[in-house]
Amino acid sequence: MTDNSETPTVVTAHREIAAGAERIFELIADPARQPGWDGNDNLAEAPQGQRVRGTGDVFTMTLSNGGVRANRVVEFEEGRRIAWLPSEQGKEPPGHLWRWELEPLDAGRTRVTHTYDWSRLTDENRFARARATTEDRLRASLDRLAEAAEAAGSD
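A.B. asks: Hey, could you run me through the pattern of salt bridges in this one?
C.D. replies: Two side chains of opposite charge can pair, provided their charged atoms sit close to one another. On inspection of all chains with the given rule, the structure shows 14 salt bridges. Between Arg144 and Asp41 there is a salt bridge; the shortest N-O distance is 2.8 Å. Here Arg144, found in helix 3 (residues 135–152), pairs with Asp41, found in the loop between helix 1 (21–29) and strand 2 (43–45); they are 103 residues apart in sequence, far enough to count as distant. With relative accessibility at 34%, the residue Arg144 sits in the partly exposed group. The class of Asp41 is exposed, set by a relative accessible area of 53%. Between Glu135 and Arg139 there is a salt bridge, and its shortest N-O distance comes to 2.5 Å. Highlighted residues: Glu135 and Arg139, both in helix 3, separated by 4 residues, approximately one helical turn. Several salt bridges converge on common partners, so that one network encompasses Glu75, Glu77, Arg81 and Arg99.

A.B. asks: Hey, could you run me through the packing of helix 1 against helix 3 in this one?
C.D. replies: Describing two packed helices takes the angle between their axes plus the distance from one axis to the other. Where helix 1 meets helix 3, the axes come as close as 9 Å, and the angle between the chain directions of the two elements is 125°. Considering the angle they form, helix 1 stands oblique to helix 3. The two elements helix 1 and helix 3 cross, and the hand of that crossing is right-handed. Between helix 1 and helix 3, the contacting residues are Arg23, Ile24, Leu27 and Ile28 on the first element and Leu145, Ala148, Ala149 and Ala152 on the second. Classifying every residue of the contact of helix 1 with helix 3 by side-chain character gives 7 nonpolar, no polar and 1 charged.

A.B. asks: Looking at this model, I keep getting lost on the packing of aromatic side chains. Mind explaining?
C.D. replies: Here the distance between the centres and the angle between the planes together describe a pair of aromatic rings. Applying the stated criterion to the full structure yields 5 aromatic pairs. For the pair Trp37 and Trp100, a centre-to-centre distance of 5.2 Å together with 90° between the ring planes defines the contact as edge-to-face. Here Trp100 lies in strand 6 (residues 97–106) and Trp37 lies in the loop between helix 1 and strand 2, a separation of 63 residues in the sequence. Both residues of the pair, Trp37 and Trp100, belong to the buried class. Measuring from ring centre to ring centre gives 5.7 Å for Trp118 and Phe127, while their planes differ by 50°; the resulting arrangement is tilted.

A.B. asks: It is not clear to me how the nonpolar core should be interpreted in this structure. Could you clarify?
C.D. replies: Looking at soluble globular proteins, one finds that nonpolar side chains tend to be buried together. Core analysis: the biggest nonpolar cluster contains 33 residues, and Ile24, Ile28, Ile82, Trp100 and Leu145 have the highest contact counts within it. When residues of this core are assigned to their parent elements, the largest contribution, 6 residues, is made by helix 1.

A.B. asks: Help me understand the sheet that holds strand 5 (residues 81–88) in this model?
C.D. replies: Hydrogen bonding along the main chain pairs the strands of a sheet, whether they run parallel or antiparallel. Taking strand neighbours across the sheet as the criterion, the 7 strands line up as 1-7-6-5-4-3-2 in an open arrangement whose pairing is antiparallel. Sheet topology places strand 1 (10–17) and strand 2 at the edges, where each strand pairs with a single neighbour. The mean angle between the axes of side-by-side strands here comes to 30°, regardless of whether they run parallel or antiparallel. Alignment of strand 3 (residues 58–63) against strand 4 (residues 68–77), held across 5 bridges, turns out to be antiparallel. Counterpart to Thr60 in the pairing with strand 4 is Ala70. Across the sheet, helix 1 lies against strand 1, strand 4, strand 5, strand 6 and strand 7 (109–117), angled at about 165° from strand 6, the strand it touches most. The strands that helix 3 touches are strand 1, strand 6 and strand 7; relative to strand 1, the one it contacts most, it runs at about 25°.

A.B. asks: Looking at this structure, I do not really get the pairing of strand 3. What am I missing?
C.D. replies: Both faces of the sheet carry side chains from a regular strand, because those side chains alternate between them. Burial of the side chains of strand 3 is restricted to one face: Phe59, Met61 and Leu63 are buried, whereas none of Val58, Thr60 and Thr62 on the reverse face is. Here strand 2 pairs with strand 3 via 2 bridges, running antiparallel. Bridge pairing in strand 3 places Leu43 opposite Leu63. Between strand 3 and the antiparallel strand that follows it, strand 4, lie 4 residues; Gly66 among them carries a positive phi value of about 95°.

What counts as what
Residues numbered from 1 in each chain as written. Predicted model: local features only at pLDDT ≥ 70, side-chain atom pairs only at ≥ 80, totals over all residues. Heavy atoms only, no water. Salt bridge = Lys/Arg side-chain N within 4 Å of Asp/Glu carboxyl O. Helix = DSSP H or I, 4+ residues; strand = E, 2+ residues; numbered from the N terminus. Buried < 20%, exposed > 50% of the residue type's maximum accessible area, 1.4 Å probe, protein only. Axes fitted to C-alpha atoms, helices over the stretch in contact; angles between N-to-C directions. Parallel < 35°, antiparallel > 145°, perpendicular 65-115°, else oblique. Left-handed = near helix turned anticlockwise from the far one by under 90°. Contact = heavy atoms within 4.5 Å. Nonpolar A, V, L, I, M, F, W, Y, C, P; charged D, E, K, R; others polar. Phe/Tyr/Trp six-rings, centres within 6.5 Å; stacked < 30°, edge-to-face > 60°. Core = buried A, V, L, I, M, F, W, Y, C linked by side-chain atoms within 4.5 Å. Pairing = 2+ DSSP bridges.

This is how it looks when you write it as structure tokens:
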């Protein structure tokens, strides 16, 4: 086993976005829109028509390296929270989780929390990539998400 004691296995970033929670959630819950604001530059594309509606939904995503991931939704509250476990298609998830939480502050402002939790990751081949997913990377996604959500409000 690789020692992860020096590296946090749960990484979180927060940001206030000048947009309503519903608008922001639509960008997150529609996988086809995610590559446009991914701060990890890891997502290439997702087929249209996969809008997440609840726990148990599975959506697929093609990565920038050409790999395809099936993402099993394990937490869902419309407009407020969504989390999924990615895995190679046809395989069990190796134990890392992506979570988005939205807290409306008022009609036009939302506090968004983005978390990457790899505390249960079992595939040691993925540890280096997990360690590289830092708060700065999560913040880059938040910044790009904010730009997309705020631009959508100015249409």
